[in-house]
2 protein chains.
Amino acid sequence: MPDFITVEMIDDLATGAAFLGTGGGGDPYIGALLCRAALEEFGPVRLMEPDNISDEAAVYTIAGMGAPTILVEKLMSLEDADIAVRALEHHLGKPASAIIAAEIGGINSMLPIAYAAMRGLPLIDGDGMGRAFPSLQMTSFNLGGVACAPMTMADEWGDHVIIQASTAQRAEDLSRPLVAALGASAMISCYPMTGREVRSSAVFGTMHAAYAVGQAIRDHSSLDKPTDGLIKLLNDLPLYGGARCLFEGKITALERDTTRGWVFGQCTIAQLQGDEVAVVSFQNENLSVLVDGQLRAVVPDLISIVDSETCLPITTEGLRYGQRVCVIGCHAPRVLQTEQALKVMGPSAFGLPHIYEPIKQQ
Amino acid sequence: MPDFITVEMIDDLATGAAFLGTGGGGDPYIGALLCRAALEEFGPVRLMEPDNISDEAAVYTIAGMGAPTILVEKLMSLEDADIAVRALEHHLGKPASAIIAAEIGGINSMLPIAYAAMRGLPLIDGDGMGRAFPSLQMTSFNLGGVACAPMTMADEWGDHVIIQASTAQRAEDLSRPLVAALGASAMISCYPMTGREVRSSAVFGTMHAAYAVGQAIRDHSSLDKPTDGLIKLLNDLPLYGGARCLFEGKITALERDTTRGWVFGQCTIAQLQGDEVAVVSFQNENLSVLVDGQLRAVVPDLISIVDSETCLPITTEGLRYGQRVCVIGCHAPRVLQTEQALKVMGPSAFGLPHIYEPIKQQ
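None of these values were measured; they are calculated from a predicted model.

Some remarks on the overall build of chain A
Thought 1: Regarding its fold elements, chain A presents 11 helices and 19 strands.
Thought 2: Relative to the globule expectation of 21 Å for 362 residues, the C-alpha radius of gyration of chain A, 19 Å, shows essentially globular dimensions.
Thought 3: With the principal axes as the frame, chain A shows a C-alpha extent of 60 × 40 × 35 Å.
Thought 4: Burial analysis of chain A (362 residues in total) assigns 63% to the buried set.
Thought 5: Sequence separation of at least 24 residues holds for 74% of the intrachain contacts in chain A that already meet a minimum separation of 6.
Thought 6: Counting 24 positive and 42 negative side-chain charges, chain A places the averaged centre of each group 4 Å from the other.

This is the structure in structure tokens:
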């Protein structure tokens, strides 16, 4: 991957990010639209590796917060994003020297690229999850001791809120009800960091990884089985690995409930030939896969649903009855697998009864 | 009334403020406790008349926000109040030169006294309502063109939020869901003002008025009918007037629903001798009195329920089945009666079907 993100890379990047977003993190079509327009207007974005970040750099995140179901209909703008970041810069008295994504997802890794382009700032090749998660405290930044607050939230009316909370969980608790009041989605900037803090807490290489995943998905048609190339690539990426197809079949039932600022639900998938049934549960992101009641994969491992033919990732809000899909799983980045991490982003953090075990190779 | 508020004045002030708070604005017992402790520790508070406020003075409000039912159980502290005001001072870069109450009520006019004592600042003899109202946009400050935001909210954990909203209604919409997240009550500071803005928008003389009302209530026992002195005083106060007993009887039914950060409900009162029945509806504050279906009084006029024997005001959360009560009404300050004001704090603003008419003298 080159040192710059250019317009030509956007489609692959958005597709790959949507896959790593495990159902959440926003629609890649919208993410790509936003990003393409920004790069065409403002030019390529310089990608920054950890070694090039100075200790005292002021690094800001930008993300959309809310149920992805809403983000599809209520488009986000860079102007709203700018209100959120500028309010935080102003509050802290420190202008941004670089931008970093909070999570990897179809919108939430594309928005920071577009925003960095608009501001003429470098983007760090990394994020705070190495995937997507539904809550603010579920970040490697938090695990690394970086404070989530002060954080800012902005809406499309130019209104904004600055939250000063003592813990990331408390920032989550205060910001979530505001998402609804701000119109079910909002632009946020949280975890303002120094370069030193970024280096010690981010999951690095995820922009590279998303681009490679997107390329592997685009190249699917030359293969016997469309998902083979993607699975091979994931197994080759040191950040992930442990990839396999967990289940393949047709979607036979779907439940979605957009409440409390998230979309909760589950997707039932039946084998085309065979009697096995899989249930994928989600809260914005896919959380677990049970096949005939047996756990095949659970957070923080990545669980993504892709179209069996095109290999394209399907986000939570894109799931439809009758779709032929393959459920692909792979290991979470190692930093999400520690005992400390599992308390914050493991099964129990989502109220799930399962014990985390990394996906087993067949 | 002297130029200083002293410990000896607290009980009368709290009682009078609770009466003018028309059922809301908090419990006078708690307001008096908080205030007495502060004045004993920090000394008397200088009361400031409009003429003594300099144009460039930086005037801040402090208030409790939330359902009064909660404020009774979850006590407020001056430390939390300080977080809210200091956060706003810091955000604006302007240290406070005076404090003003946002509304008159058992807690919400006592808290600013206590806070002014702690900070050694003068308190302006006035507020933004001349009574209490349940929503942030329902102030004379708003009618006078003062912006509600930036506003701050603080909880007992030291967490706080700064809201920048384009209208007072929007500040209300954004802050209300946060009240629940902050524990169903929060300390807020809103409508930061210059001295010039205070002079052109506040309802003045309400601290004086509350003190006089409290004294009249204390002196009730020397009279044939306990409420006579209070009604006479209200009719003598130029700010109010039009006072009378709207109904007298026994509480026979009560409904309360603490949702969305407010307490909604109604209180049914039956005559002791006679068949008439009155219904008082409230949203934190008493909104209307209907006697056998006929409107006797409606917001913005003041409607307060007092104990028939002691003449002490009963707040919304203090109402109990079987209480012998007198419903006393009086006119709202004139600034709340204009056409513009009625849109913001008249019957339609509360979803009531009535047309506002000032209480008629019998």
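Structural notes on helix H1 (residues 10-20) of chain A
Residues and elements named next belong to chain A.
Thought 1: Of all 11 residues in H1, 10 are buried, a share of seventy percent or more.
Thought 2: Residues of H1 that are buried: Ile-10, Asp-12, Leu-13, Ala-14, Thr-15, Gly-16, Ala-17, Ala-18, Phe-19 and Leu-20.
Thought 3: Positive backbone phi, at 50 degrees, marks Thr-22, one or two positions downstream of H1.

Remarks on the packing of aromatic side chains
All names here are of chain A.
Thought 1: By the definition in use, this model includes four aromatic pairs over all chains.
Thought 2: Geometrically, the ring pair formed by Phe-141 and Tyr-191 is tilted, given 5.4 Å between the ring centres and 55 degrees between the ring planes. Here Phe-141, found in helix H6 (residues 140-143), pairs with Tyr-191, found in the loop between strand S10 (185-189) and strand S11 (193-194); they are 50 residues apart in sequence, far enough to count as distant. Both residues of the pair, Phe-141 and Tyr-191, count as buried.

Observations concerning the pattern of salt bridges
Between side chains of opposite charge, pairing is possible as soon as their charged atoms come close.
Thought 1: If you walk through the whole model with that rule in mind, you get 29 salt bridges over all chains.
Thought 2: Of the charged contacts in the structure, one is a salt bridge between Asp-55 of chain A and Arg-196 of chain A, with a shortest N-O distance of 3.5 Å. Linking Asp-55 of chain A in the loop between strand S2 (45-48) and strand S3 (58-61) with Arg-196 of chain A in helix H8 (residues 195-201), this pair joins segments that are 141 residues apart in sequence.
Thought 3: Of the residues examined, Asp-55 of chain A reaches a relative accessible area of 31% and is grouped as partly exposed.
Thought 4: Look at Arg-196 of chain A and you get partly exposed, because its relative accessible area is 42%.
Thought 5: The closest approach of N and O atoms between Arg-119 of chain B and Asp-82 of chain B, which form a salt bridge, is 3.9 Å. With Arg-119 of chain B in helix H5 (residues 110-119) and Asp-82 of chain B in helix H4 (residues 78-92), the pair connects residues that are 37 residues apart, well separated along the chain.
Thought 6: Owing to a relative accessible area of 16%, Asp-82 of chain B belongs among the buried residues under this scheme.

Describing the relation of the copies chain B and chain A
Thought 1: Note on the copies: chain B fits chain A at an RMSD of 0.0 Å, the axial shift is 0.1 Å, and the rotation between them is 180 degrees. Here the symmetry operator amounts to a two-fold rotation axis. In terms of proximity to the rotation axis, the leading residue of chain B is Ile-162 of chain B, whose C-alpha is 2.4 Å off the axis.
Thought 2: A share of 100% of interface residues in chain B that are also interface residues in chain A marks the association as one of identical surfaces.

Here we look at the sheet that holds strand S15 (residues 277-283) of chain B
Residue and element names in this part refer to chain B.
Thought 1: Read from one edge of the open sheet, seven strands run S17-S16-S15-S14-S13-S19-S18, paired in antiparallel fashion. Unpaired on one side and paired on the other, strand S17 (294-298) and strand S18 (302-307) mark the two borders of the sheet. Along the sheet, successive strands turn relative to each other by an average axial angle of 35 degrees, direction set aside.
Thought 2: Sheet analysis places strand S14 (residues 262-270) next to S15, joined by seven bridges and oriented antiparallel. Bridging from a neighbouring strand, Ile-269 pairs with Ala-278 of S15.

Some points on the sheet that holds strand S17 (residues 294-298) of chain A
Residues and elements named next belong to chain A.
Thought 1: With antiparallel pairing, seven strands are arranged side by side in an open sheet as S17-S16-S15-S14-S13-S19-S18. Single-partner strands in this sheet number two, and they are S17 and strand S18 (302-307). Strand after strand, the sheet turns through a mean of 35 degrees between neighbouring axes, direction not considered.
Thought 2: With six bridges joining them, strand S15 (residues 277-283) and strand S16 (residues 285-291) adopt antiparallel strand pairing. What sits directly across from Val-280, in S16, is Val-289.

Focus on the pairing of S18 of chain B
Residue and element names in this part refer to chain B.
Thought 1: Where burial is concerned, most of S18 is hidden: five out of the six residues are buried.
Thought 2: Two strands pair when backbone bridges link them, and S18 and strand S19 (residues 324-330) are joined in this way by six bridges, in the antiparallel orientation. Its bridge partner lying in S19, Leu-302 is registered against Cys-330.

As for the environment of Arg-334 of chain A
Thought 1: Within the fold, Arg-334 of chain A resides in the loop between strand S19 (324-330) and helix H11 (339-345).
Thought 2: Residues Arg-334 of chain A and Pro-347 of chain A, spaced 13 residues apart in sequence, show a C-alpha to C-alpha distance of 16 Å.

Re helix H10 (residues 228-236) of chain B
Residues and elements named next belong to chain B.
Thought 1: Among the residues of H10, Leu-230, Ile-231, Leu-233 and Leu-234 are the ones counted as buried. With its buried residues spanning 160 degrees around the axis, H10 presents them on a single face. In H10, the exposed residues that point more than 90 degrees away from the buried face are Lys-232 and Asp-236.
Thought 2: As for H10, its buried residues are in contact with helix H1 (10-20), helix H9 (206-218), strand S13 (244-259) and S19.

A look at the interface of chain B and chain A
Thought 1: Contacts between chain B and chain A engage 18 residues on the former and 18 residues on the latter.
Thought 2: Interface of chain B and chain A: buried area, both sides summed, is about 1,600 Å²; carbon and sulfur atoms make up 56% of it.
Thought 3: Counting across the interface, chain B meets chain A through four salt bridges.
Thought 4: A salt bridge links Arg-170 of chain A to Asp-155 of chain B; the shortest N-O distance between them is 2.5 Å.
Thought 5: Taken together, the connections running from chain B to chain A amount to nine residue pairs in polar contact (both at pLDDT 80 or more).
Thought 6: Here the side of chain B that touches chain A is built from residues that sort into 10 nonpolar, four polar and four charged.
Thought 7: Two elements, strand S9 (residues 160-164) of chain A and strand S9 (residues 160-164) of chain B, share five bridges in a ladder whose sense is antiparallel. By the bridge assignment, His-160 of chain A is partnered in S9 of chain B with Gln-164 of chain B.

Digging into the environment of Phe-42 of chain A
All names here are of chain A.
Thought 1: Its location among the elements puts Phe-42 in helix H2 (residues 28-42).
Thought 2: For Phe-42, a relative accessible area of 34% translates into the label partly exposed.
Thought 3: As a C-alpha pair, Phe-42 and Gly-120 span 78 residues in sequence and 7.6 Å in three-dimensional space.
Thought 4: Beyond its immediate sequence surroundings of up to four residues, Phe-42 is in contact with Ala-117 and Met-118.

Concerning unusual backbone geometry
Thought 1: For the bond running from Val-299 of chain A to Pro-300 of chain A, omega is 5 degrees, close enough to zero to count as cis.
Thought 2: Secondary-structure assignment places Pro-300 of chain A in the loop between S17 and S18.
Thought 3: Between Ala-149 of chain B and Pro-150 of chain B the backbone carries a cis peptide bond, its omega angle lying at 0 degrees.
Thought 4: One non-glycine residue with positive phi stands out, namely Cys-311 of chain B, at about 70 degrees.
Thought 5: Here Cys-311 of chain B falls in the buried class, since its relative accessible area comes to 0%.

Thresholds applied
Counting starts from 1 at the beginning of each chain's written sequence and moves along it residue by residue. Working convention: letters from A go to chains and numbers from 1 go to ligands, in the order in which they are written. Local features are withheld for residues below a pLDDT of 70 in this predicted model, meaning they are given only at 70 or higher, and side-chain atom pairs are given and counted only at 80 or more; totals for whole chains, interfaces and linings count all residues. As a rule here, side-chain values come from all non-hydrogen atoms in the structure, and water together with hydrogens is ignored. For helices the rule is a DSSP run of H or I covering at least 4 residues; for strands it is a run of E covering at least 2, with both sets numbered from the N terminus onward. Throughout, the radius of gyration refers to the C-alpha atoms, and the reference size of a globule is 2.2 Å times the residue count to the power 0.38. The buried label goes to any residue with under 20% of its type's maximum accessible area, the exposed label to any with over 50%, and the partly exposed label to all in between, with areas taken from a 1.4 Å probe on protein chains only. Two residues qualify as a contact provided that any one of their heavy atoms is within 4.5 Å of a heavy atom in the partner residue. Neither His nor the chain ends is counted toward charge; the positive residues are Lys and Arg and the negative residues Asp and Glu. Think of each charge as sitting on NZ of Lys, CZ of Arg, CG of Asp or CD of Glu. We call Phe, Tyr and Trp rings a pair once their centres come within 6.5 Å, taking the six-membered ring for Trp, and we label the pair stacked below 30 degrees between planes, edge-to-face above 60, and tilted otherwise. A carboxyl oxygen of Asp or Glu within 4 Å of a side-chain nitrogen of Lys or Arg is what we treat as a salt bridge. Superposition of the copies used a least-squares fit over C-alpha atoms from residues whose pLDDT is at least 70 in both. Two strands form a pair only when DSSP identifies at least two bridges running between them. In this description, a line fitted to the C-alpha atoms serves as the axis of each element, helices being fitted only across the stretch in contact, and the angle between N-to-C directions of two axes falls anywhere from 0 to 180 degrees. In this description, one arc is meant: the one made by directions from the helix axis to the C-beta atoms. Accessible area, probed at 1.4 Å, shrinks when two parts are joined; the buried area is that loss added up over both. Here a polar contact means two N or O atoms within 3.5 Å. Within protein one must be a hydrogen donor candidate and the other an acceptor candidate, and residues neighboring in sequence count only if both atoms are side-chain atoms. Gly is put with the polar residues, along with every residue not named as nonpolar or charged; the nonpolar set is Ala, Val, Leu, Ile, Met, Phe, Trp, Tyr, Cys and Pro, and the charged set is Asp, Glu, Lys and Arg.

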